[in-house]
Amino acid sequence: MQIINKIFVLVFVLLIQSTQVLSQKYDVNIYSVNEGLYSGQVYDVEFANNGNVWFGTVYGIILSDGISFQRYGYDNGFKDEVVNDLLIDSDNNLWVATYNSGVGLFSNDTLRYLPELEEIKDLDINVIKEKRDGSIWFGTSESGVFIYNRSNNDLSRLTVDDSDFLKNIVWDICFTSDDEVWISTHEGLVILDRNNQVLKSYNKTNGLTGDIVYHVYEVENGDKWVSTEGGVSIINKNYEIENITEINGTELSYVYNVNQDRTGRIWIGTERNGLFWYSENKKVHITKDNGLSSNYVYRLVK
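Residues numbered from 1 in each chain as written. Predicted model: local features only at pLDDT ≥ 70, side-chain atom pairs only at ≥ 80, totals over all residues. Heavy atoms only, no water.

1. Describing the overall build of the chain
Put simply, the rule is: Helix and strand assignments come from DSSP, with helices taken as H or I runs of at least 4 residues and strands as E runs of at least 2, each series counted from the N terminus. In this scheme, a residue with accessible area under 20% of its type's maximum is buried, one over 50% is exposed, and one in between is partly exposed, where area comes from a 1.4 Å probe on protein chains only. For this analysis, residues touch if any pair of their heavy atoms sits within 4.5 Å.
Per the secondary structure count, the chain includes zero helices and 30 strands. A total of 302 residues make up the chain; the buried ones form 56% of that total. Partitioning the contacts of the chain with sequence separation of at least 6, the portion at a separation of at least 24 is 44%.

This is how it looks when you write it as structure tokens:
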């Protein structure tokens, strides 16, 4: 399998694999309907232990071994084929979130909706994450966060002091190395301590580059890179904030995702300005002009 351990760039219209820089033009492998992907709209990617890749698309999920593609959708038990997010958990289970249809477990070519998750069966799930204790967290549109404790099959809604949080749109959940939970919402960032109590909250009025927070990524040194509609905010271990709103004279504006590759370079995906990779010594801007198929970058996966 040749495409694992690379940086994948998910854009609104197709999926790109960005590889090593060769010159001013970049070596880009495109996976689209022309290569057998079935759908050009890909919202998530998960890597299986055997080297296969799962794609979450608007036409169900697609399995690839790097050569062939197999699609699964309505005929395989899906209530809806628009897939918002995927997760392969520590037990190698594949979780699939479908539009306004809750979450299912995919196995033996069938998507099963668990009776234990009945409470969220009609919700739009934006993100699925597994905490180190094995619990599965679901971030929803306008219903906050639900936590599934697999040891006792208990599903509970996360309750915090801020009642508005319960009806907020949750875009991302990040479990950090210091046992905090950083939750990206449509109205700011909420940080929970190890007891799931609100430790801090941020929005544009108290330091972030924007109110809408799409994603949090913890880099190697422990800093958290926070993606917003106004750029990136870097929050260090002392909760001090450094903001990046432009790189090399180009305004970042809407930033949907940040990731870090094995060399330590940090990749920043934007709505209209393509892709940046960022290091202490160099900052590079990649757009349609030098390799990307679109300047709308939705998600980065490695």
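After that view of the structure, there is still more to cover.
2. Description of the sheet that holds strand β7 (residues 69-72)
Applicable threshold: DSSP calls a pair of strands paired once it identifies at least 2 bridges connecting them. The angle between two axes is taken between their N-to-C directions and runs from 0 to 180 degrees, where each axis is a line fitted to C-alpha atoms and a helix contributes only its stretch in contact.
Strand order in the open sheet formed by four strands is β4-β5-β6-β7, and the pairing between neighbours is antiparallel. Either end of the sheet is taken by a strand with one partner, and the two such strands are β4 (42-47) and β7. Taken over all neighbouring pairs, the strand axes of this sheet differ in orientation by 20 degrees on average, direction set aside.

3. Brief notes about the pairing of strand β9 (residues 94-98)
Of all five residues in β9, five are buried; the element is thus mostly enclosed. By the alternation rule, side chains of β9 split into Leu94, Val96 and Thr98 and Trp95 and Ala97, which are all buried. Across five bridges, strand β8 (residues 83-88) lies against β9 in antiparallel orientation. Bridge assignment links isoleucine 88 to a residue of β9, and that residue is leucine 94. In this antiparallel pair of consecutive strands, β8 and β9, the connection spans five residues, and asparagine 92 shows a positive phi of 70 degrees. The loop that links β9 with its antiparallel partner strand β10 (residues 103-107) comprises four residues; one of these, asparagine 100, has a positive phi angle of about 50 degrees.

4. Things to note about the environment of threonine 270
Put simply, the rule reads: We call two N or O atoms a polar contact when they sit within 3.5 Å, provided that within protein one can donate a hydrogen and the other can accept it, with sequence-adjacent residues counted only if both atoms are side-chain atoms.
The residue threonine 270 is located in strand β27 (residues 266-270) in this model. Accessibility expressed as a relative area gives 0% for threonine 270, which makes it buried. Residues within four places of threonine 270 in sequence aside, it is in contact with Leu252, Tyr254, Val255, Phe276, Asn295, Tyr296 and Val297. A distance of 2.8 Å separates a polar atom in the side chain of threonine 270 from the backbone oxygen of glycine 274.

5. Quick notes on the pattern of salt bridges
Threshold: What makes a salt bridge here is a side-chain nitrogen of Lys or Arg within 4 Å of a carboxyl oxygen of Asp or Glu, nothing more.
Going through the model one piece at a time under the given rule, you end up with 14 salt bridges. Of the charged contacts, one joins aspartate 89 and arginine 150 as a salt bridge, the two residues approaching to 2.8 Å between their closest N and O atoms. Taken as a pair, aspartate 89 in the loop between β8 and β9 and arginine 150 in the loop between β14 (145-149) and β15 (154-157) lie far apart in primary sequence, 61 residues in all. In this structure arginine 150 comes out as partly exposed when scored by relative accessible area, which is 22%. Measuring nitrogen to oxygen at the nearest pair gives 2.9 Å for the salt bridge that ties arginine 150 to glutamate 130. Highlighted residues: arginine 150 in the loop between β14 and β15 and glutamate 130 in strand β12 (residues 125-130), separated in sequence by 20 residues. Taken together, the salt bridges that share partners define one network made up of Asp89, Asp91, Glu130 and Arg150.

6. Section: the side chain of threonine 140
Positionally, threonine 140 belongs in strand β13 (residues 136-140). Here the side chain of threonine 140 touches glycine 144 through a polar contact of 2.9 Å, landing on its backbone oxygen. Discounting residues that sit within four places of it in the chain, threonine 140 has contacts with Leu123, Asp124, Ile125, Asn126, Phe146, Asn168, Ile169 and Val170.

7. A closer look at the sheet that holds strand β20 (residues 213-218)
The four strands lie next to each other as β20-β21-β22-β23, forming an open sheet whose pairing is antiparallel. Here the strands that pair on one side only, and so sit at the sheet edges, are β20 and β23 (241-244). Put simply, the sheet's adjacent strands are angled 20 degrees from each other on average, direction ignored. Alignment of strand β22 (residues 231-235) against β23, held across four bridges, turns out to be antiparallel. The residue of β23 that forms the bridge with isoleucine 234 is glutamate 242.

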